[in-house]
Amino acid sequence: MDGKTVTAAKNGCEGCNQEAFDEIGNIIDLYKDKEGSLIQVLHRAQGIYGYLPLELQSYIADGLGLSLSEVSGVVTFYPFFKTKPQGKHTISICMGTACYVRGGKKLVETIRDLLGIEVGETTEDGMFTFVVERCIGACGLAPAVMVDDTVYRQVDEEMLKAIIEKYRKGEVSA
Amino acid sequence: MAEITINGLKATVPDDATILEAAKTVGIHIPTLCNMADVSSFGSCRICVVEVEGAKTLQVSCLTKVRDGMVVKTNTGKVRKARRVLYELLLSDHDQECLTCSRSGSCELQALGETLGVSETRFKGEHDSPPEDVSVAITRDMGKCILCRRCVAACNEIQNTGVLNAQNRGFDTVIAPAMEGKLGDASCVFCGQCTVVCPTGALRETDATKKVWEMLDSGKRTVVQVAPAIRVAIGEEFGMEPGSQVTGKLAAALKALGFDDVFDTNFAADLTIIEEGTEFLGRVKAALTGGEATLPMVTSCSPGWIKFIEHHYPDRLKHISTCKSPHMMMGALVKSFYAEKIGVKPEDMRVVSVMPCTAKKFEINRHEMMNNGVPNVDAVLTTRELGRMIREAGIDFCALPDAEFENPLGMSTGAADIFGVTGGVMEAALRTVFELVTGKELPFDKLHVTPIVGFEQVKEAAITIEDTLPAYAFLKGVTVKVAVTSGTAGATMLMDQLEKGESPYHFIEVMGCPGGCIMGGGQPRSKDPDVKQKRLKGLYTEDEGKVLRKSHENPYITKLYEEYLGEPNGHKAHELLHTHYTPRGMENRLADKEMVRKEVSPA
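The model shown is predicted, which means the values in this text are computed figures rather than measured ones. (Residues numbered from 1 in each chain as written. Chains lettered and ligands numbered in written order. Predicted model: local features only at pLDDT ≥ 70, side-chain atom pairs only at ≥ 80, totals over all residues. Heavy atoms only, no water.)

S.K.: Talk me through the overall build of chain A; I want residue IDs and the actual numbers.
M.R.: When helices and strands are tallied, chain A shows seven helices and four strands. Beginning at the N terminus, the succession of helices and strands in chain A can be written as α-α-α-α-α-β-α-β-β-β-α. Here chain A holds 174 residues, and the buried ones make up 44% of them. Within chain A, contacts between residues at least 6 apart in sequence are counted, and of these 62% link residues at least 24 apart. (Helix = DSSP H or I, 4+ residues; strand = E, 2+ residues; numbered from the N terminus. Buried < 20%, exposed > 50% of the residue type's maximum accessible area, 1.4 Å probe, protein only. Contact = heavy atoms within 4.5 Å.)

S.K.: An account of the packing of aromatic side chains is needed here, citing residue identities and associated values.
M.R.: What the rule picks out here adds up to 15 aromatic pairs over all chains. Centroid distance A:Tyr152 to A:Tyr167: 6.5 Å. Interplanar angle 80°. Geometry classified as edge-to-face. Highlighted residues: A:Tyr152 in strand 4 (residues 150-152) and A:Tyr167 in helix 7 (residues 157-168), separated in sequence by 15 residues. Using a relative accessible area of 2% as the deciding quantity, one classes A:Tyr167 as buried. Between B:Phe190 and B:Phe362, the aromatic rings sit 5.4 Å apart at their centres with planes inclined by 40°, giving tilted as the arrangement. Residue B:Phe190 is found in the loop between strand 9 (174-176) and helix 5 (193-197), and its partner B:Phe362 is found in helix 11 (residues 359-363); the two are separated by 172 residues along the sequence. Of the residues examined, B:Phe190 reaches a relative accessible area of 2% and is grouped as buried. A relative accessible area of 4% means that B:Phe362 is categorised as buried. Among the aromatic residues, those joined into a cluster by ring pairs are A:Phe21, A:Tyr49, A:Tyr51 and A:Tyr59. The positively charged end of B:Arg169 is found above the aromatic ring belonging to A:Phe77, 4.1 Å away from the centroid. If you follow B:Lys532 out to its NZ or CZ, it ends over the ring of B:Phe455, 5.0 Å from the centre. (Phe/Tyr/Trp six-rings, centres within 6.5 Å; stacked < 30°, edge-to-face > 60°. Lys NZ or Arg CZ within 6 Å of the ring centre and 35° of its normal.)

S.K.: An account of the domain arrangement of chain B is needed here, citing residue identities and associated values.
M.R.: Split by domain assignment, chain B resolves into domain 1 (2-116), domain 2 (133-205), domain 3 (221-267 + 327-411) and domain 4 (273-324 + 413-523 + 542-577). Centre-to-centre separation of domain 1 of chain B and domain 4 of chain B, based on C-alpha positions: 45 Å. (Domains from an automatic or database assignment.)

S.K.: Tell me about the interface of chain B and chain A, residues and numbers included.
M.R.: Counting from both sides, the interface comprises 21 residues of chain B and, opposite them, 22 residues of chain A. Area buried by chain B at its contact with chain A is led by B:Arg169, B:Met179 and B:Arg589, which between them contribute 37% of it. Summed over the shared surface of chain B and chain A, the result is zero salt bridges. Summed over the shared surface of chain B and chain A, the result is ten residue pairs in polar contact (both at pLDDT 80 or more). Considered class by class, the residues forming the side of chain B that touches chain A number ten nonpolar, six polar and five charged. (Buried area = accessible area lost by both parts, 1.4 Å probe. Salt bridge = Lys/Arg side-chain N within 4 Å of Asp/Glu carboxyl O. Polar contact = N/O pair within 3.5 Å; in protein donor to acceptor, adjacent residues only side chain to side chain. Nonpolar A, V, L, I, M, F, W, Y, C, P; charged D, E, K, R; others polar.)

S.K.: How would you sum up the sheet that holds strand 4 of chain A? Please name residues and give values.
M.R.: Residues and elements named next belong to chain A. Overall, mixed pairing links the four strands, which are arranged 2-1-3-4 in an open sheet. Unpaired on one side and paired on the other, strand 2 (128-133) and strand 4 mark the two borders of the sheet. Between one strand axis and the next, the sheet turns by 20° as a mean value, whatever way the strands run. For strand 1 (residues 89-94) and strand 2, the ladder comprises six bridges, and the chain directions are parallel. Among the inter-strand pairings, Thr 90 is bridged to a residue of strand 2, identified as Thr 129. Relative to strand 1, helix 6 (residues 97-115) is tilted by about 145°, and along the sheet it contacts strand 1, strand 2 and strand 3 (145-147). Across the face of the sheet, helix 7 comes into contact with strand 1, strand 2, strand 3 and strand 4 while running at roughly 155° to strand 4. (Pairing = 2+ DSSP bridges. Axes fitted to C-alpha atoms, helices over the stretch in contact; angles between N-to-C directions.)

S.K.: I'd like a description of the pairing of strand 19 (residues 479-486) of chain B, backed by residues and values.
M.R.: Residue and element names in this part refer to chain B. Burial analysis of strand 19 places six of its eight residues in the buried class, which makes it a mostly covered element. The sheet contact formed by strand 19 and strand 20 (residues 507-511) spans five bridges and is parallel. By the bridge assignment for strand 20, Ala 483 is matched with Ile 508. For the segment spanning strand 19, helix 15 (residues 488-499) and strand 20, crossover handedness is right-handed. (Right-handed = clockwise from strand over helix to strand, strands pointing away.)

S.K.: I'd like a description of the sheet that holds strand 13 (residues 297-298) of chain B, backed by residues and values.
M.R.: Two orientations exist for strands paired in a sheet by backbone hydrogen bonds: parallel and antiparallel. All names here are of chain B. Pairing is mixed across the open sheet formed by four strands, whose spatial order is 13-20-19-18. Two strands lie at the open edges of the sheet, namely strand 13 and strand 18 (458-464), each paired on one side alone. Bridge analysis of strand 13 against strand 20 gives two bridges, and the strand direction is parallel. Bridge pairing in strand 20 places Val 298 opposite Ile 508. Together, strand 18, strand 19 and strand 20 form the strand contacts of helix 14 (residues 424-438), whose direction differs from that of strand 20 by roughly 145°.

S.K.: If you had to explain the packing of helix 7 (residues 247-257) of chain B against helix 12 (residues 383-392) of chain B to someone new, which residues and values would you point to?
M.R.: Residues and elements named next belong to chain B. Two elements in contact, helix 7 and helix 12, have axes separated by 10 Å at closest approach and are oriented at 60°. In terms of orientation, helix 7 and helix 12 fall into the oblique class. Considering the relative orientation of helix 7 and helix 12, their crossing is left-handed. Contacts between helix 7 and helix 12 involve Leu 250, Ala 253, Leu 254 and Leu 257 from the former and Leu 386, Met 389 and Ile 390 from the latter. (Parallel < 35°, antiparallel > 145°, perpendicular 65-115°, else oblique. Left-handed = near helix turned anticlockwise from the far one by under 90°.)

S.K.: I'd like a rundown of the pairing of strand 20 of chain B, residues and numbers included.
M.R.: Burial within strand 20 of chain B is extensive, with five of its five residues counted as buried. Where burial is concerned, the two faces of strand 20 of chain B agree: the one with B:Phe507, B:Glu509 and B:Met511 and the one with B:Ile508 and B:Val510 are both buried.

S.K.: Residue-level account of unusual backbone geometry, with values.
M.R.: All names here are of chain B. The peptide bond linking Leu 295 to Pro 296 adopts the cis configuration, its omega dihedral lying at -10°. Omega for the peptide link from Asn 407 to Pro 408 comes to 15°, which places this bond in the cis form. Relative to the helices and strands, Pro 408 resides in the loop between helix 12 and helix 13 (414-417). In the Ramachandran plot, Met 179 falls in the positive-phi region, its phi being about 50° despite a non-glycine side chain. Inspection of the secondary structure assignment puts Met 179 in the loop between strand 9 and helix 5. For Met 179, a relative accessible area of 30% puts it in the partly exposed group.

S.K.: Can you break down helix 16 (residues 531-544) of chain B residue by residue, with the values?
M.R.: For helix 16 of chain B, built from 14 residues, the straight-helix expectation of 20 Å at 1.5 Å per residue is met to within 8% by its first-to-last C-alpha distance of 20 Å. Taken together, the buried residues of helix 16 of chain B touch helix 7, helix 13 and helix 14 of chain B. (Expected span 1.5 Å × (residues − 1).)

S.K.: Can you break down the confidence of the model for chain B residue by residue, with the values?
M.R.: Residue and element names in this part refer to chain B. Looking at chain B, the pLDDT average stands at 94 and 98% of residues meet or exceed 70. Below a pLDDT of 50 lies the segment residues 593-603, which in the model reaches 24 contacts outside its immediate sequence neighbourhood of four places, other chains included. With a pTM of 0.91, the predicted complex shows an ipTM of 0.87. (pLDDT = per-residue confidence, 0-100.)

S.K.: Break down a nonpolar patch on the surface for me, with residues and values.
M.R.: Together, A:Ile39, A:Phe77, A:Tyr78 and A:Phe80 line one region of the surface with nonpolar side chains, adding up to about 350 Å² of accessible area. Under the relative-accessibility criterion, A:Phe77 is labelled partly exposed at 32%. (Patch = residues over 30% accessible without salt bridge, like charges linked within 9 Å, V, L, I, M, F, W, Y side chains within 5 Å. Areas by Shrake-Rupley, 256 points an atom, 1.4 Å probe, with all protein chains shown as cover.)

S.K.: Which residues make up the domain arrangement of chain A, and what are the values?
M.R.: For chain A, the domain assignment lists domain 1 (3-77) and domain 2 (89-168). Taking the mean C-alpha position of each, domain 1 of chain A and domain 2 of chain A sit 31 Å from one another.

S.K.: With reference to specific residues and values, describe the pattern of salt bridges.
M.R.: All names here are of chain B. Counted according to the given criterion, the structure contains 40 salt bridges over all chains. Between Lys 255 and Glu 406 there is a salt bridge, with the nearest N and O atoms lying 3.4 Å from each other. Pair noted here: Lys 255 is in helix 7 and Glu 406 is in the loop between helix 12 and helix 13, with a separation of 151 residues, a long-range link. Look at Glu 406 and you get partly exposed, because its relative accessible area is 23%. Arg 431 is the partner of Asp 543 in a salt bridge, and the nearest nitrogen-oxygen pair spans 2.8 Å. Pair noted here: Asp 543 is in helix 16 and Arg 431 is in helix 14, with a separation of 112 residues, a long-range link. Assigned by exposure class, Asp 543 and Arg 431 land together as buried. It is possible to trace a salt-bridge network through shared partners that takes in Arg 231, Asp 264, Asp 417 and Lys 546.

So this is what it looks like as structure tokens:
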């Protein structure tokens, strides 16, 4: 709404990473006079902060002169935006038609058993977030699994276990 | 201008008109649901589809602009069938609990089904709506929501409060505060404008009728009071024209319902003028004679406005008059002055306020609104809820003979009547303050301060005081500048001006709802496009019909000070009639979590 509420937002977020907030504040300053920049700001803010908690949404809303409900309306509309902390690595199982019929569904269960989390959740140690995708465009490699930006082809249960182990041991960096 | 043909009729309309608007000019009614005046069209419901020659698909008439030579058909088999299917799809996600819904009979969705001749519901949608969000003032029930977004327009475009917006997507979409929070936790000011525009029962006042029936049945002394704006609106609940003056019937209906004492909030409005006028003169005197005082002073009658400033401008609360709102003053007086008079303990009394307002339901629960541990007011009914109770009691409202409010807390001057309309509190204050200062009557025709009468968003007036009585010599030659606004969007303009240090005013009146209390969130939902004007006229006529039209002329007010209160702004008055406020910040960030006391049970 105005300058003072931005401060209120800052003060209201105990335990938030102040450095990240300041960095995001600079981005807001860049965009605040351009109409329709909310998505860009959210995108970059998530890049810095990792996810978009309500306190951060509120900070962005105040900075851009938007209402919090409008900002959260956009955040909750796009699956890309996350409102909970994400794991160090994101494991995406492709559930497009080709991957599905060639065992993608089975891989989903393997992850469930292995990591003890449901789709969309993050492991307690903050290591892995588990998501499913609707076709990543790698049907020739089915069933395909993506970890962060790396695609693994024709994955079966044993391979999946090995892949996870590799990331857990830190043999592959994020 | 464009000429178009609708159902064979020629319509000539401006180029930027929509098909829907063009059809109206030739008397053709196209059914609508999400469409709403004075806000940008969203076109969510699609019910207003029509056939346009040359177009491949049906067109939404509320969004499609006319083109010269356009040929439109609004009533073909294809159109009728499409509308019915669209309606069925709307219903597929609706809980369809019509028989037990408070909107049954006044529901626009229900009426539309009848208009469209829908006789079946073939589609079963997803029915996993989140549980009802019941705040002290407003209930949000997503099972009944059809996502038309009228409330979103009211909350964002009209009121600029931005509390309600669509959250999530697809089947999971709900209209809610950020991240599906609760209204009570958000910066909702409980103005209730969303409840007025909601076509279904999805947004409504949180019911108090049950609680009030229990009070009436309990045998405890139950006192009722009614706000000024009720008397020109409650008639609409019984099929009368907006603005019908039914003060006498209203008093009679309240007696018939079984209230022990039927008082008038108007009396307390007169009292407010004395208290607020005195406070204003005190502040001006201090400011002009080198003392410390915060100006402009801003009115405090509207609890929606109060909550708005607490959220958005928490550093500016010192501008707000310390006066409680009139019905809270009345409650405080009933449980002190009147309780003593009739020898009943305050804790054994119940005070019910009939208000045009949903925010008043929040206000009575504020911890500031108690004296000696007893709440000033125990329940608030909206105009609509009172209508329901009168019907439930089997009272034939239209046939009631006129009755009067009871004294000593029932008589009021014309100044009190206009408290219910934007500009009215200021005019009432000026009538008294000017006369107090100069000894002369306020120099306006029929006492109406014309620059601040009407529905402009921000109105202002300046009155130069030439001669004063000796006690007010400090005001000699001073031009008093006042501003009036209604609706929180207008309030934002005046407050931003204040923040920038550019506010030229001494006194500002703010009412939280656009048009003032006559258009409050608890008023009957009207389809009459002139409803505002008609209710305004009703109140001004009520005012002009009275012999006494200035608050300080009310003999019962004079007596109240002599017998009980002492001096205006004196010790007793401060204890009972004044209050303080809570800085909340956005989403209650600054507020004490325990700021709202627990609901007091009627027991």
